[in-house]
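Here's the letter readout for the chains.
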Amino acid sequence: MYGNAYISPEDTKRLNATQEDPENLAEFEARIARGEKIEPHDWMPVEYKRQLLRMIEQHAHSEIVGALPEGTWITRAPNFRRKLALIAKVQDEIGHGQLLYSAAETLGKSREAMLHDLLIGKSKYSNVFNYPAETWADVAVIGFLVDGAAIVNQVINSKGSYGPYCRALERICYEESFHLKQGHDNVVYLATGSKKQREMLQAAINRWYRPLLHFFGPPDVASEHSEKLMRWKVKLASNDDMRNQFLDQYVPKILELGLTFPDPNLRKNPDTGIWEFSDPDWDEFKRVISGNGPCNAERLAVRKYAEEAGKWVRLALTRNTDSYVTPLA
Ligand code: COA
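Thresholds applied
- Residues numbered from 1 in each chain as written.
- Predicted model: local features only at pLDDT ≥ 70, side-chain atom pairs only at ≥ 80, totals over all residues.
- Heavy atoms only, no water.
- Domains from an automatic or database assignment.
- Contact = heavy atoms within 4.5 Å.
- Buried area = accessible area lost by both parts, 1.4 Å probe.
- Near = heavy atom within 4 Å.
- Polar contact = N/O pair within 3.5 Å; in protein donor to acceptor, adjacent residues only side chain to side chain.
- Areas by Shrake-Rupley, 256 points an atom, 1.4 Å probe, with all protein chains shown as cover.
- Helix = DSSP H or I, 4+ residues; strand = E, 2+ residues; numbered from the N terminus.
- Buried < 20%, exposed > 50% of the residue type's maximum accessible area, 1.4 Å probe, protein only.
- 1 Å grid on protein atoms, 1.4 Å probe; cavity = no way out; pocket = protein on both sides within 12 Å on 5 of 7 lines; lining within 4 Å.
- Points joined across faces, edges and corners; volume = space filled by probe spheres on them.
- Nonpolar A, V, L, I, M, F, W, Y, C, P; charged D, E, K, R; others polar.
- Phe/Tyr/Trp six-rings, centres within 6.5 Å; stacked < 30°, edge-to-face > 60°.
- Lys NZ or Arg CZ within 6 Å of the ring centre and 35° of its normal.

(A) Up close: the domain arrangement of the chain. Domain parsing of the chain yields domain 1 (9–294) and domain 2 (295–329). Computed from C-alpha atoms alone, the centre-to-centre distance between domain 1 and domain 2 is 27 Å. If you look at the interface, domain 1 gives 18 residues, while domain 2 gives eight residues. For the domain 1 and domain 2 pair, buried surface summed over both sides reaches about 1200 Å², with 61% attributable to carbon and sulfur atoms. Three residues stand out in domain 1 for area buried against domain 2, namely Leu68, Leu119 and Tyr125, and they jointly supply 44% of the buried area on that side.

This is the structure we're talking about:
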């Protein structure tokens with residue numbers, strides 16, 4: 001019933017009692033209505049805590065797994081300037097993971113427990129990072145469109161009700177906006193380059209189109225958590241609204257470069273202002289987020305290796321010299 005989020009014995013007692021205390025709940029909801037931030041030591045409903053932890057934990061995992069597809073291109077970047085920018089970006093993404101794990105820890109689950117749940121395949125992370133970066137153009141598309149999608153989502157979430165998450169997101173958004181610039185620069189460079197470069201870019205856009213539509217989650221009618229999250233202002237826009245905002249901002253930018261999307265039905269309805277598109281195959285989305293995408297096994301294997309190989313660093317940092325071991329001994 002409670003997924004993998006941390007529920008303390010005290011929380012369980014509260015849940016076993018008939019309901020949350022109505023006075024506490026009313027005061028909590030009034031604070032949210034007034035636009036106040038909820039801080040870790042404030043009273044909060046168990047379900048609010050559970051939902052936040054689920055979401056922030058998944059977000060943190062997405063950052064550290066998200067560094068992997070692009071990370072595979074550091075050694076193959078086409079020139080020194082691109083290599084430097086990519087190294088810095090990948091490093092930033094790992095840093096975002098650190099910020100988000102710290103925010104999630106304020107809700108009572110340790111970083112070790114979160115990483116454990118990621119490695120055993122219990123925790124989710126974003127669908128988009130389970131696809132390969134086949135060519136350098138995928139790096140460009142990730143930097144522009146995946147980071148662009150992430151910014152749409154994160155700018156909205158940063159206005160939410162939980163203080164530590166919002167503060168982490170504000171910092172993340174500053175850095176993401178630089179990632180977006182390098183992604184845009186990379187896309188424009190390829191789009192205005194040789195025929196081969198344009199073809200490579202178009203092929204990458206075709207590959208990322210559907211995963212990008214999936215990125216914002218299932219359609220509102222099928223979204224399990226949106227209602228509660230929006231009531232408590234953890235989410236300030238629905239999945240469909242965020243997806244629409246993304247299409248509104250980024251489709252014209254791709255079209256103006258003379259590139260296309262692989263969907264004849266993609267269009268903005270002039271009467272409603274809403275973007276319409278073909279069914280992006282929600283079964284594929286479900287397969288990918290439940291561990292059966294093209295790269296899920298590879299991503300977790302790399303994370304497991306990193307965990308093992310980095311063990312001696314963690315031990316050294318905690319000065320636990322008695323059990324100091326070399327990782328691969
Ligand atoms: N990738 C993987 N899983 C996803 C997903 C995605 N793009 N979108 C939705 N899901 C999962 C949800 O986590 C949930 O699974 P769970 O019940 O096992 O936790 C399920 O699909 C149902 O979706 P929904 O009820 O719509 O989830 P939600 O209300 O949490 O909304 C997000 C989904 C992604 C919009 C929301 O969680 C969010 O804003 N997260 C923070 C930002 C983030 O993680 N960004 C990704 C990396 S930059």
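The discussion continues.
(B) Looking closely at the site of the ligand. The environment of the ligand is made up of 29 residues, and the closest members are Gln58, Lys124, Ser223, His225 and Lys235. The separation between an oxygen atom of the ligand and a polar side-chain atom of His225 is 2.6 Å. The protein chains hide 91% of the 900 Å² of surface that the ligand would expose on its own. Every element with two or more residues in the shell around the ligand is listed here: α3 (46–71), α6 (136–157), α8 (195–215), α9 (226–231), α10 (239–255) and α11 (282–292). Counting residues per element, the shell around the ligand draws most heavily on α3, at five residues.

(C) Region of the structure containing the environment of Lys195. With respect to the helices and strands, Lys195 occurs in helix α8. When its relative accessible area of 63% is taken as the criterion, Lys195 is described as exposed. Sequence-wise, Lys195 and Gln249 are 54 residues apart; in three dimensions their C-alpha atoms are separated by 26 Å.

(D) Layout of empty space enclosed by the protein. Applying the stated criterion across every chain yields a total of one cavity of 30 Å³ or more. Space inside the largest cavity adds up to approximately 50 Å³. Along the walls of the largest cavity sit Leu145, Tyr209, Leu212, Leu213, Phe246, Leu247, Tyr250, Val251 and Phe261, which together make up its complete lining. Of the residues contributing to the lining of the largest cavity, the split by class is nine nonpolar, no polar and no charged.

(E) Quick look at unusual backbone geometry. Despite not being glycine, Lys233 has its phi angle at roughly 55 degrees, a positive value. Position of Lys233 among the secondary structure elements: in the loop between α9 and α10. Residue classification places Lys233 among the partly exposed positions, given a relative accessible area of 30%. A positive phi angle is found at Asp281, which is not glycine, with a value near 65 degrees. Its place among the elements puts Asp281 in the loop between β2 (275–276) and α11.

(F) Examining the packing of aromatic side chains more closely. Per the counting criterion, the structure on display carries 13 aromatic pairs. With 5.1 Å between their ring centres and 25 degrees between their planes, Phe246 and Tyr250 make a pair best called stacked. With Phe246 and Tyr250 both in helix α10 and four residues apart, the pair spans about one turn of that helix. Exposure remark for Phe246: the relative accessible area of 6% places this residue in the buried category. Residue classification places Tyr250 among the buried positions, given a relative accessible area of 5%. One aromatic cluster is present, built from ring pairs that chain together Phe28, Trp43, Tyr48, Tyr162 and Trp232. One Lys or Arg, Arg76, reaches over the ring of Trp73 and ends 3.9 Å from the middle of that ring.

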